[in-house]
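# A look at the structure
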Amino acid sequence: MPQTPSDGPDDRRESDDAFGDLFPPTRRQHRELLEQQEREQAPPVSRVEQMRRAYGLTALGTIFPGAGLAMTKRRTVGLVLLGMAIGILLLAAWWLFSNGPIQALAGLGSRPARLQAIAWLAAGGMVIWMGSVALTAIVSSPKPLQGSQRAGLSVFTGLMCLALAVPTAVGLRYADASSDTVGTMFANTDQSTLDLGADDPWEDTPRVNVLLLGSDAGDGRTGVRTDTMLVASIDTQTGDSVLFGIPRNLENVPIPEDNPLSNLYPDGYNCGDECLMNAIWTEAENAKLNNPGWYPDDPDDNVGLTATREVISEVLGIPVDYSAVVNLEGFTDLVDAMGGVDINVQERLPMGGKTVNGQLVPDSESGWLEVGEQHLDGYEAMWYSRSRVTTDDFSRMRRQRCVVSALVEQVNPFTILTNYTDILDVAGQNIYTSIPQEELPAWAELVLRVQGGGQITSLPFTIENTNVSNPDFDDLHEQVQEAIAPPEPTTTATTATSEPTPSEPTTSEPTTTEPTADETTTEELNTDDELVDVGTVC
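Given the structure is predicted, the values throughout are model-derived calculations rather than measurements.

Criteria and thresholds
Per chain, the residues get numbers from 1 upward, laid out in the order the sequence is written. Local features are withheld for residues below a pLDDT of 70 in this predicted model, meaning they are given only at 70 or higher, and side-chain atom pairs are given and counted only at 80 or more; totals for whole chains, interfaces and linings count all residues. Water and hydrogen atoms play no part in the side-chain values, which are based on all heavy atoms of the structure. Runs of E in the DSSP output that reach at least two residues are strands. Runs of H or I that reach at least four are helices, and both are numbered from the N terminus. Note on classification: 1.4 Å probe, protein chains only; a residue is buried when its accessible area is under 20% of the maximum for its type, exposed when over 50%, partly exposed between these limits. Residues count as neighbours in contact if any of their non-hydrogen atoms are within 4.5 Å of one another. Calculation of accessible area relied on Shrake-Rupley with a 1.4 Å probe; when residues are assessed, cover is drawn exclusively from the protein chains displayed. Residue count minus one, scaled by 1.5 Å, sets the expected span of a helix. Residues qualify for a patch when their relative accessible area is over 30% and they have no salt bridge, like charges being joined within 9 Å and the nonpolar side chains of Val, Leu, Ile, Met, Phe, Trp and Tyr within 5 Å. We define a salt bridge as a side-chain nitrogen of Lys or Arg found within 4 Å of a carboxyl oxygen belonging to Asp or Glu. In plain terms, two cysteine sulfur atoms within 2.5 Å form what is called a disulfide here. Only when DSSP finds a minimum of two bridges between them are two strands counted as paired.

Before going further, it helps to examine the overall build of the protein chain. Looking only at helices and strands, one finds 18 helices and 13 strands in the protein chain. Across the 538 residues that make up the protein chain, the buried fraction comes to 40%. Look at the contacts in the protein chain between residues 6 or more apart in sequence, and 71% of them connect residues 24 or more apart. Summed over all atoms, the accessible surface of the protein chain reaches about 31,200 Å², with 55% contributed by carbon and sulfur.

This is the structure in structure tokens:
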């Protein structure tokens, strides 16, 4: 009886080969076949070595996204993530290189909306990054995992994800804090006078004048008293700046005709020694309260600032373009958040004091600031700036300029970074300005010019160059203009006047005696009423 052929192993193999010829394996099947052959040919790997590899690839994926995953059977996903990360890194490097690292970061920090958008995009990318770390651990681990091995790898993977999550959370917090502070400190208006689309927004603004006010209601005082009044006049191209100090006890200050306060004082603020410059703020607020129709374009809490700014503009004879007000009650916290400040204390000062029978008496129990180089905390810096019970207003004005200069020069980026939210919180509660938010990138650039190569000089108005009780404002305006644009020195005239003619008797006798240390110190301190570099009086 004939036997029918049976489908044995050889027949099936021949059939598979025939189908293989008709339908070649896909790329994936081919790769899997190669991997299977590699596994069959490779020597067996112990579970310990497999676990080490899983830990290593998971750590590698934490250092750089997709790097560990690219060395597993999910290499396609890993390579995509790796390529995206490299692309983002190259884009960030190009951005920093083309704008300059400091300018780029300053510009980003001054654009809160853009900063928040980037922060949230970074947070989304970080979630994907953490997912790739977890996937790397799962794919690279041996199968099946034993209980202790699973627990150990899970804890390690969690720690790696936590290492990525913490800086992301801090970044989001910084971005939110920056946005809140910018919204509080800076004006929310689109009335900028700068060409913000130009390469240099300051090109058509050669000089900008900023009023810096330190307000202090204080115990036993009525209303706000602006005991600190400085105007910073900045050359927008060079960064060179002049600080003008206005005495708080300046009398007979002029009031612009279009300011409603001129209805009460048409000939200036001239009611005796009670009508001082630092009382304009409260005077305007009271005038608004008694005359609701006055200052129609200003909210009630801005009337004092408007009047003070316009009067100081008349006092100096220059426009005041912007203003910044610092509440001195928050000054202590701000200096502490910035890590303190180094000051060369030139006179022994009490930290505290009071008025007794019309006389200022120091409070010796509160301690003293001793002469010499000192690192001052917020409380000490506050009293260094405010104390006048053993000195006078003009010495205090000098010390205030020294503190402003020292804080600008001694900013520590690491301290700012570590105390970032604290600084923003203090600043948001105690500082507000008239600078529009949209101008912040331009101001970031201007600040860099001042810090980078600008020279800061100072011209305070004291009893040495101004009669504070009956000032000559025309003369004061001339001093301001000479400080802003000093005349070119005339070499010929200097030579002619410095050498005596033969017919003139020489009144000075040559001497080899050098000035003593006390004489030198006195001469340096007497530069308070001249245009000098801030450092020479600090």
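Now that the structure has been shown, the text picks up again.
Over its 14 residues, helix H9 (residues 303-316) extends 20 Å from the first C-alpha to the last, a length consistent with the 20 Å expected when each residue adds 1.5 Å. Among the 14 residues in H9, 11 count as buried, and that is most of the element. Among all positions in H9, only Val303, Gly304, Leu305, Thr306, Ala307, Thr308, Val311, Ile312, Ser313, Val315 and Leu316 are buried. Within two residues after H9, Gly317 carries a phi angle of roughly 80°, on the positive side.

Okay, a nonpolar patch on the surface next. Together, Leu91, Trp94, Trp95, Leu96 and Leu105 make up a nonpolar patch on the protein surface, roughly 520 Å² of accessible area in all. It is helix H4 (residues 75-99) that contributes the most residues to the nonpolar patch, four residues altogether. In this fold, Leu96 is placed in helix H4.

Here the focus is the state of the cysteines. What the rule picks out here adds up to one disulfide. Two residues, Cys271 and Cys275, share a disulfide whose sulfurs are 1.2 Å apart. Given an S-S torsion of about 75°, the disulfide between Cys271 and Cys275 has right-handed geometry. Relative accessible area serves as the criterion here: at 41%, Cys271 is assigned to the partly exposed category.

Let us look at the pairing of strand E3 (residues 241-245). Counted residue by residue, E3 has five buried out of five residues, so it is predominantly covered. The two faces of E3 match: Ser241, Leu243 and Gly245 on one face and Val242 and Phe244 on the other face are all buried. Across five bridges, the pairing between E3 and strand E12 (residues 456-460) is parallel. Within E12, the residue paired with Gly245 across the bridge is Pro460.

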